[in-house]
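# Structural description and commentary
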Protein chains: 2
Amino acid sequence: MSPKITTELLKQLRQVMKSPRYVQEPVQAYIVPSGDAHQSEYIAPCDCRRAFISGFDGSAGTAIVTEQHAAMWTDGRYFLQAANQMDNNWTLMKMGLKDTPTQEDWLVSVLPEGSKVGVDPSIIPADQWKRMSKVLRSAGHDLVPVKENLIDTIWTDRPQRPCKPLIVLDLNYTGVSWREKIVALRSKMAERKVVWFVVTALDEVAWLFNLRGSDVEYNPVFFAYAVIGMNTIRLFIDGDRMMDPAVREHLQLDSTLEPEFKIQVMPYGSILTELHAVGADLSSKEKVWLSDKASYALTEAIPKAYRYLTPYTPICIAKAVKNALETEGMRRAHIKDAVALCELFNWLEKEVPKGTVTEIIAADKAEEFRSQQKDFVELSFATISSTGPNGAIIHYKPVPETNRTLSVNEIYLLDSGAQYKDGTTDVTRTMHFGTPSAYEKECFTYVLKGHIAVSAAIFPNGTKGHLLDSFARSALWDCGLDYLHGTGHGVGSFLNVHEGPCGISYKTFADEPLEAGMIVSDEPGYYEDGSFGIRIENVVLVIPAETKYNFKNRGSLTFEPLTLVPIQTKMIDVSLLTQKECNWVNDYHQKCREVIGAELERQGRHEALQWLIRETEPLIRVQ
Amino acid sequence: MSPKITTELLKQLRQVMKSPRYVQEPVQAYIVPSGDAHQSEYIAPCDCRRAFISGFDGSAGTAIVTEQHAAMWTDGRYFLQAANQMDNNWTLMKMGLKDTPTQEDWLVSVLPEGSKVGVDPSIIPADQWKRMSKVLRSAGHDLVPVKENLIDTIWTDRPQRPCKPLIVLDLNYTGVSWREKIVALRSKMAERKVVWFVVTALDEVAWLFNLRGSDVEYNPVFFAYAVIGMNTIRLFIDGDRMMDPAVREHLQLDSTLEPEFKIQVMPYGSILTELHAVGADLSSKEKVWLSDKASYALTEAIPKAYRYLTPYTPICIAKAVKNALETEGMRRAHIKDAVALCELFNWLEKEVPKGTVTEIIAADKAEEFRSQQKDFVELSFATISSTGPNGAIIHYKPVPETNRTLSVNEIYLLDSGAQYKDGTTDVTRTMHFGTPSAYEKECFTYVLKGHIAVSAAIFPNGTKGHLLDSFARSALWDCGLDYLHGTGHGVGSFLNVHEGPCGISYKTFADEPLEAGMIVSDEPGYYEDGSFGIRIENVVLVIPAETKYNFKNRGSLTFEPLTLVPIQTKMIDVSLLTQKECNWVNDYHQKCREVIGAELERQGRHEALQWLIRETEPLIRVQ
């Protein structure tokens, strides 16, 4: 893949950074954050400003352009990809490495005295603004809001903001009506003595109203904000989507309703004006609740004394704990997903030796098999279909320039998932279609041991996920190995494949405790640059654990895998497993065989069923 | 133990809280923090204000008295002790439990509108002031500094501040001269563009000047501050201690010295005035470095724009990494300490069955055996000598009212340590002098498995200690058990038994990464209220680990136990150990036998040697 040539673009950007047409005073640096106005991880093409200016299109990264420099901060998943996609104008700042400066420290080190650093206030999260602004100010610089987005001014063919039809989710999928969700939210607001709640994250708006959309690829969300008062519901959304009779009925827009459930529909673009009006109208002791990740512009609309900011909103926390119907939906989605993958792996086993299957073909085939399943909507993220050295690029996505042919000599890593109307999936399997080397098996087995250590972990109620992260690494650490990403993330229910407030990572500390009903991924890995990548990922449900004792009556939790796809036993060095680990694999495969076998049978997929039976033969551990 | 009756004292305190003699305006709440003006954990009797007002004398706790309420916040180690020592005037706030409010939230919930909350500004750390003041302000209250300490005004027989002679440590103990330490500190200051550094923690002053004292029990420190400039050294210290010829020579007070190493000695009480003078004299861009835990009063002396605050000072970080001579000293100290404990346990084994040994007698005997060792100075903390139900009081200290007789029917837990001129020790062993029950052995074995999991852990360079905490709990969690304290703390070198910036605890996140040369404790436990306590503690040294591979050339670390005292094999249920764990115990005991055996031999302690040999017989694991 050749890097994007950005010399001319950077020249233009540096011009507008000094142009009185856009800035009151010239800015000596301009920050281009990754997200959109909702701090989304996956963003619409019109919001891909950082990719436009730099060429780097990974899901996380912040660009900063000064008069002399252009620098990109991203994390371990993207070091290789960013290095490949960016030209020599750019310096890669590898986050998480000891010697990499923070954005603030770097700015302080390169800026001339008394500089102004510009950023779009509607995009930068308030907490980031606060942190940066403080450091910059104490070094004699100023962080300044630049209302017009400077990238947009030089982006001549910038796409339109999408505005696609909505999907109504009925109670069979959601388990709880939007009215009940509003009631629960208002009771949380009352607890905190808050009179308004501003919903800024797209998945939170979608979850609250039991609606889905397709404005953003992979995430079934739509561009909207909501502002909830104790007797008021305002939904900020564009287009004629509210003309759809199904949506009107679902939201009861035409019914005579108690006034506190009457939804006022307003234009998407009016949120800032409306919020300023809310802010101006508050009387003493009235507070407005926002996420501390809401944009600086929205946060500033509420006078400081009236703001109530929290890292996780009550919607984020409620959304994370899946109810019985959502859990059942997730189970169904994972069964269908496993069927598709059994078909795929059976097909790959036959086709790969012919030398005709590329990474892109394999990814397309995976999508094809998934799309045959009931209630399939779309993929839940860009399929990572990678073989050999490409497997070491942690968030690799095959493109024609890098597309490699699968072979019997290289490890193949497939990290993929889908959105079904009943649930979201995300699964990684690492396969070898020939004979893996002893070293590859050794590494795979350490990763598997880590996967099992998390999956089988028993821990007290109230434990935060980050405390489990080291379990996933212990077997790798013992041999001097490790991986540079977290171990797990929350997974939405027909929603974002990455969601808060829980996860399993050494990097977080402010995660909310794990609770029964939460769903996270368990995905340790091992990567050798230029050589191969290994990752084993299941989506797992937090469930109560039965334990021999019960200290302080706290109760215990553990995980139940929702993903039921065989883990390739050919890759396992059984001699490195303990008997307990060996039993875990065998029990897991037994369950795959029973549950997925029955569904393959039902769908008449006999060849895939034979493959499944072969792949779930028990391991035998010689003492 | 009967609680302290505090009705009259609280009445007096509530009077002075309103008295114009002490407060400009009445305060509706008064905070009594745990620490002294140096944020010491162990404090001199004159600083035990929280114990004076409440009766609770554990090492951690904050009291808040309002017109209606008196509440005490403390952590899991002290729940039982605090409940026993306080009368009905007090409400115990159990920190770490889900429903316990923070001090700020509690204040907001009980205070009348627009209240003033008073605190002694020379005692409250600046970071706590900031956090509390922010929450209180946003709820309409005010945190106000009350210059005269209100407890002191009602404490009629308050002891004098101690002022004991100093101990000079020569290069054989410290490895590095105070001049070299000043040079290193100034180079860290130059790196951060700082012109003054204020040393506020007592152990940091002691470490910097290679001096020790005995102003505070257990911690070999002395009351002093230091202010280091690029060409100036000011030591704030009282009494005639600077008249001691050994001290004068050590600090070269009478030599003609380069001016940048000339120490100006000033009265202890003049620090605030001097710091105000420093603050007033700064020119633009000159910064003053303080710990963010320095008192609010000292921090305020430096205008905000000139402050450079960090959670850990460069002295704290340098002090944590022990040099070769310090490490050797720590090894020697631990060998002597083990000799004393072998003598003790051999003695206990004979004496306990007679029914004449109480917790206090056992603690005294431990001190007696330690005091026979070379360079013994004092104990490093109050000996926790506890049997049966007393063992469940995590930081128990036997007093006549609670003193229990050791017997062959109850578990005995001894957590003790000493200050030797060459090092500091801290060791816990849990013993049974009769026949432990299957359940006691089971619990002991889970704790042992946790101890081994940490001690034998291999982890990458740069790993923070808190990432290892779950390893210590995993075996307990599997059975629904846990313990409500951290797993380890940094240990000083003939200095404080608890020191930063590293540790092993789920509670911290801002700890500094572990480095070779750091020394921490490894002390998981299990406690059943009203029944027994188990803890197994070694002090361990961070050392480089040899691993099969070396990911990203990061290198790996592991631990080497410095404590070499047998772990009672009678308490181990061998069937619960893996072969690896069994080998760890046998290797450890082999090393105890060799190293401590040789020293017992050298000291002619033949009976204790026989005991050691018997107690270090290898475990045999039947498959």
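Just so it is clear, the structure is predicted and the values come from calculations on it, not from any experiment.

Reading the values: the criteria
- For every chain, the first residue of its written sequence is number 1, and the numbers climb from 1 along that sequence.
- Chains and ligands are labelled by the order in which they are written, letters from A for the one and numbers from 1 for the other.
- Since the coordinates come from a predicted model, pLDDT governs what is reported: local features require at least 70, and pairs of side-chain atoms require 80 or more to be given and counted, while whole-chain, interface and lining totals use all residues.
- Working from all heavy atoms in the structure, the side-chain values ignore hydrogens and water.
- Secondary structure elements are defined from DSSP: runs of H or I of at least 4 residues count as helices, runs of E of at least 2 residues count as strands, and each element is numbered from the N terminus.
- A radius of gyration in this sense is built from C-alpha atoms; the matching globule rule multiplies 2.2 Å by the number of residues raised to 0.38.
- Only protein chains enter the accessibility calculation, which uses a 1.4 Å probe; a residue whose area is less than 20% of its type maximum is buried, one above 50% is exposed, and one in between is partly exposed.
- Contact criterion: two residues are considered in contact whenever any of their non-hydrogen atoms come within 4.5 Å of each other.
- Reported accessibility uses the Shrake-Rupley method at a 1.4 Å probe radius. Residues are deemed covered only where the shown protein chains occlude them.
- Within this scheme the basic residues Lys and Arg register as positive and the acidic residues Asp and Glu register as negative, but His and the chain ends are omitted.
- Charge coordinates come from a single atom per side chain, which is NZ of Lys, CZ of Arg, CG of Asp or CD of Glu.
- Paired strands, in this sense, are two strands between which DSSP finds at least two bridges.
- A fitted line through C-alpha atoms represents every axis, and for helices the fit uses only the stretch in contact; the resulting angles, taken between N-to-C directions, go from 0 to 180 degrees.
- Think of a polar contact as two N or O atoms within 3.5 Å of one another; within protein, one of them needs to be a possible hydrogen donor and the other a possible acceptor, and neighboring residues in sequence only count if both atoms come from side chains.
- Buried area, as used here, totals the accessible surface that two parts lose on assembly, with accessibility defined by a 1.4 Å probe and the loss added over both.
- Put simply, a salt bridge is a Lys or Arg side-chain nitrogen that is within 4 Å of an Asp or Glu carboxyl oxygen.
- Superposition of the copies was done by least squares, using only C-alpha atoms of residues whose pLDDT is at least 70 in both.
- By this rule the span expected of a helix is its residue count minus one, scaled by 1.5 Å.
- Throughout, the arc means that of the directions going from the helix axis to the C-beta atoms.
- UniProt positions are given in the numbering used here, feature names are shortened, and annotations may be inferred rather than shown by experiment.
- Should an angle fall under 35 degrees it is called roughly parallel, over 145 degrees roughly antiparallel, and 65 to 115 degrees roughly perpendicular, with every other angle called oblique.
- Take the far helix as the reference: if the near one is turned anticlockwise from it by less than a right angle, the crossing is left-handed, and if turned clockwise, right-handed.
- Residues are grouped as follows: Ala, Val, Leu, Ile, Met, Phe, Trp, Tyr, Cys and Pro are nonpolar; Asp, Glu, Lys and Arg are charged; every other residue, Gly included, is polar.
- Residues grouped as a nonpolar core are buried Ala, Val, Leu, Ile, Met, Phe, Trp, Tyr and Cys residues, joined through side-chain atoms within 4.5 Å.
- Like charges are joined within 9 Å and nonpolar side chains (Val, Leu, Ile, Met, Phe, Trp, Tyr) within 5 Å, but only among residues with over 30% relative accessible area and no salt bridge; these make up the patches.
- Viewed with both strands pointing away, a crossover whose connecting path from the first strand over the helix to the second turns clockwise is right-handed.
- Whenever a pair of cysteine sulfur atoms sits within 2.5 Å, that pair is classed as a disulfide.

### Brief notes about the overall build of chain A
Helix and strand counts for chain A stand at 19 helices and 28 strands. In terms of C-alpha radius of gyration, chain A reaches 25 Å, essentially the compact-globule figure of 25 Å for 623 residues. Once the C-alpha set of chain A is aligned to its principal axes, its extents read approximately 70 × 60 × 50 Å. Across the 623 residues in chain A, those meeting the buried criterion constitute 60%. Of the contacts made within chain A by residues no fewer than 6 positions apart, 71% connect residues no fewer than 24 positions apart. Counting every atom, chain A has about 23900 Å² of accessible surface; 52% of that belongs to carbon and sulfur. Of the charged side chains in chain A, 66 are positive and 80 negative, and the gap between their average positions amounts to 4 Å.

### Brief notes about the sheet that holds strand S20 (residues 427-432) of chain A
Residues and elements named next belong to chain A. An order of S16-S17-S20 is seen for the three strands of this open sheet, with the pairing classed as antiparallel. The strands lining the two open edges of the sheet, one partner per strand, are strand S16 (384-387) and S20. Averaged over all neighbouring strand pairs, the angle between strand axes comes to 10 degrees, with direction disregarded. Strand direction decides the pairing type here: strand S17 (residues 411-416) and S20, joined by six bridges, are antiparallel. The residue bridging tyrosine 412 from the neighbouring strand is methionine 431, located in S20.

### Quick notes on the side chain of B:Asp422
All names here are of chain B. Counting through the fold element by element, aspartate 422 comes out in the loop between strand S18 (418-420) and strand S19 (423-424). Given the relative accessible area of 6%, aspartate 422 is considered buried. A distance of 3.0 Å separates polar atoms of two side chains, one belonging to aspartate 422 and the other to lysine 336. Excluding residues within four positions of it along the chain, aspartate 422 makes contact with Tyr173, Glu326, Gly329, Met330, Arg332, Ala333, Lys336 and Asp375.

### A word on the interface of chain A and chain B
The interface of chain A with chain B comprises 42 residues on the first partner and 42 residues on the second. Carbon and sulfur atoms supply 58% of the area buried between chain A and chain B, which totals about 3400 Å² over both sides. On the surface where chain A and chain B come into contact, there are eight salt bridges. For the pair chain A and chain B, the interface holds 14 residue pairs in polar contact (both at pLDDT 80 or more). It is helix H17 (residues 469-478) of chain A that contributes the most residues to the side of chain A that touches chain B, five residues altogether.

### Things to note about the pairing of strand S1 (residues 29-32) of chain B
The side chains of a regular strand alternate, residue by residue, between the two faces of the sheet. Residues and elements named next belong to chain B. A two-sided burial pattern is seen for S1, the buried positions comprising Ala29 and Ile31 on one face and Tyr30 and Val32 on the other. Here two bridges tie S1 to strand S5 (residues 116-119), and the two strands are oriented parallel to one another. By the bridge assignment for S5, alanine 29 is matched with valine 117. Pairing geometry for S1 and strand S2 (residues 62-66), over four bridges, is antiparallel. Residue pairing across strands places tyrosine 30 opposite valine 65, the latter belonging to S2.

### Some thoughts on the relation of the copies chain A and chain B
With an RMSD of 0.0 Å, chain A superimposes on chain B once it is rotated by 180 degrees and translated 0.1 Å along the axis. The transformation just described matches what one would write down for a two-fold rotation axis.

### What to know about the pattern of salt bridges
Applying the stated criterion to the full structure yields 82 salt bridges over all chains. Measuring nitrogen to oxygen at the nearest pair gives 2.8 Å for the salt bridge that ties B:Arg602 to B:Glu599. Linking B:Arg602 with B:Glu599, this pair stays in helix H18 (residues 579-602), spanning three residues, or about one helical turn. Taking relative accessible area as the criterion, B:Arg602 reaches 62% and is therefore assigned exposed. Looking at B:Glu599, the relative accessible area reads 13%, which means it is buried. Several salt bridges converge on common partners, so that one network encompasses A:Asp47, A:Arg49, A:Asp152, A:Arg158 and A:Arg161.

### Some remarks on helix H15 (residues 359-371) of chain B
Two residues of an α-helix separated by three or four positions point the same way, owing to the 3.6 residues in each turn. Residues and elements named next belong to chain B. The terminal C-alpha atoms of H15 lie 18 Å apart, and with 13 residues this matches the ideal 18 Å at 1.5 Å per residue to within 8%. The set of residues buried in H15 consists of Glu359, Ala362, Ala363, Lys365, Ala366, Phe369 and Arg370. Along H15, the residues classed as buried sweep out an arc of 160 degrees about the axis, all on the same side. Elements in contact with the buried residues of H15: helix H14 (324-351), strand S15 (376-379), strand S16 (384-387), strand S17 (411-416), S18 and strand S20 (427-432).

### Describing the UniProt feature "domain: Peptidase M24" (unreviewed entry) in chain A
As annotated in UniProt, the feature "domain: Peptidase M24" (unreviewed entry) corresponds to residues 328-542 of chain A in the numbering used here. Here residues 328-542 of chain A is 30% helix and 25% strand, with 14 Å between the C-alpha atoms at its ends.

### A look at the packing of helix H14 (residues 324-351) of chain A against helix H15 (residues 359-371) of chain A
To describe two helices that pack against each other, one gives the angle between their axes and the distance between the axes. Residues and elements named next belong to chain A. Where H14 contacts H15, the two axes come as close as 8 Å, and the packing angle between them is 140 degrees. Viewed along their axes, H14 and H15 adopt a mutual orientation that is oblique. The crossing of H14 and H15 is right-handed. Taken together, the residues of H15 that come into contact with H14 (itself represented by Asp337, Ala340, Leu341, Glu343, Leu344, Trp347 and Leu348) are Ile361, Ala362, Lys365, Ala366, Phe369 and Arg370. In the contact of H14 with H15, the residues fall into nine nonpolar, no polar and four charged.

### Quick word on the sheet that holds strand S8 (residues 196-199) of chain A
Residues and elements named next belong to chain A. As summarised here, the arrangement of the six strands in space is S12-S11-S10-S8-S13-S14, forming an open sheet in which the pairing is mixed. Pairing within the sheet leaves two strands with one partner each, and these edge strands are strand S12 (263-266) and strand S14 (307-310). Looking at each pair of strands side by side, their axes are set apart by 20 degrees on average, direction ignored. Pairing of strand S13 (residues 288-291) with S14, which is carried by four bridges, proceeds in the parallel orientation. Residue pairing for S14: valine 288 is matched across the bridge by arginine 307. Lying over the sheet, helix H8 (residues 178-191) contacts S8, strand S10 (224-229), strand S11 (233-237), S12 and S13, oriented at roughly 60 degrees with respect to S10. Contacts from helix H11 (residues 271-280) reach S8, S10, S11, S12 and S13 within the one sheet, and its direction differs from that of S11 by about 155 degrees.

### Overview of the nonpolar core
With 162 residues, the main nonpolar core has A:Leu348, A:Phe559, B:Leu348 and B:Phe559 as its most contacted residues. One finds B:Phe209, B:Leu282, B:Leu290 and B:Val497 within the second-largest nonpolar core, a separate group that totals 65 residues.

### Considerations on a positive patch on the surface
A surface patch of positive charge is lined by A:Lys130, A:Lys134, A:Arg137, A:Lys304, B:Lys130, B:Lys134, B:Arg137 and B:Lys304. Every element with two or more residues in the positive patch is listed here: helix H5 (126-138) of chain A together with helix H5 (126-138) of chain B. Tracing the chain through its elements places B:Lys304 in the loop between helix H12 (296-301) and strand S14 (307-310). Under the relative-accessibility criterion, B:Lys304 is labelled exposed at 69%.

### Details of the pairing of S13(A)
Residues and elements named next belong to chain A. What you see with S13 is no split at all: Val288 and Leu290 on one side and Trp289 and Ser291 on the other are buried throughout. Sheet analysis places S8 next to S13, joined by two bridges and oriented parallel. Bridged to phenylalanine 197 within S13 is tryptophan 289. Taken together, S13, helix H12 (residues 296-301) and S14 constitute a β-α-β crossover, and its handedness is right-handed.

### What to know about the environment of B:Val227
Residue and element names in this part refer to chain B. With respect to the helices, strands and loops of the structure, valine 227 is situated in strand S10 (residues 224-229). Considering only alpha carbons, one finds valine 227 and glutamate 274, 47 residues apart in sequence, at a separation of 9.3 Å. With residues up to four places along the chain from it excluded, the contact list for valine 227 reads Trp196, Phe197, Val198, Thr232, Ile233, Arg234, Phe236, Ile271 and Leu275.

### Examining the packing of H14(B) against helix H19 (residues 606-615) of chain B
Residue and element names in this part refer to chain B. Close contact between H14 and H19 brings their axes to 9 Å; oriented N to C, the two are set at 85 degrees. As judged from the angle between their axes, H14 and H19 are roughly perpendicular. For the pair H14 and H19, contact is made by Cys342, Glu343, Phe345, Asn346, Glu349 and Lys350 and by Glu607, Ala608, Trp611, Leu612, Arg614 and Glu615, respectively. Residue classes in the contact of H14 with H19 are distributed as five nonpolar, one polar and six charged.

### Concerning the state of the cysteines
Tallied over the full model, the rule gives zero disulfides over all chains. Of the cysteine sulfurs around A:Cys46, a residue in no disulfide, the closest is that of A:Cys48, at 7.7 Å. Left unpaired, B:Cys479 is separated from the closest cysteine sulfur, that of B:Cys443, by 8.6 Å. On the accessibility criterion, B:Cys479 (11% relative accessible area) is buried.

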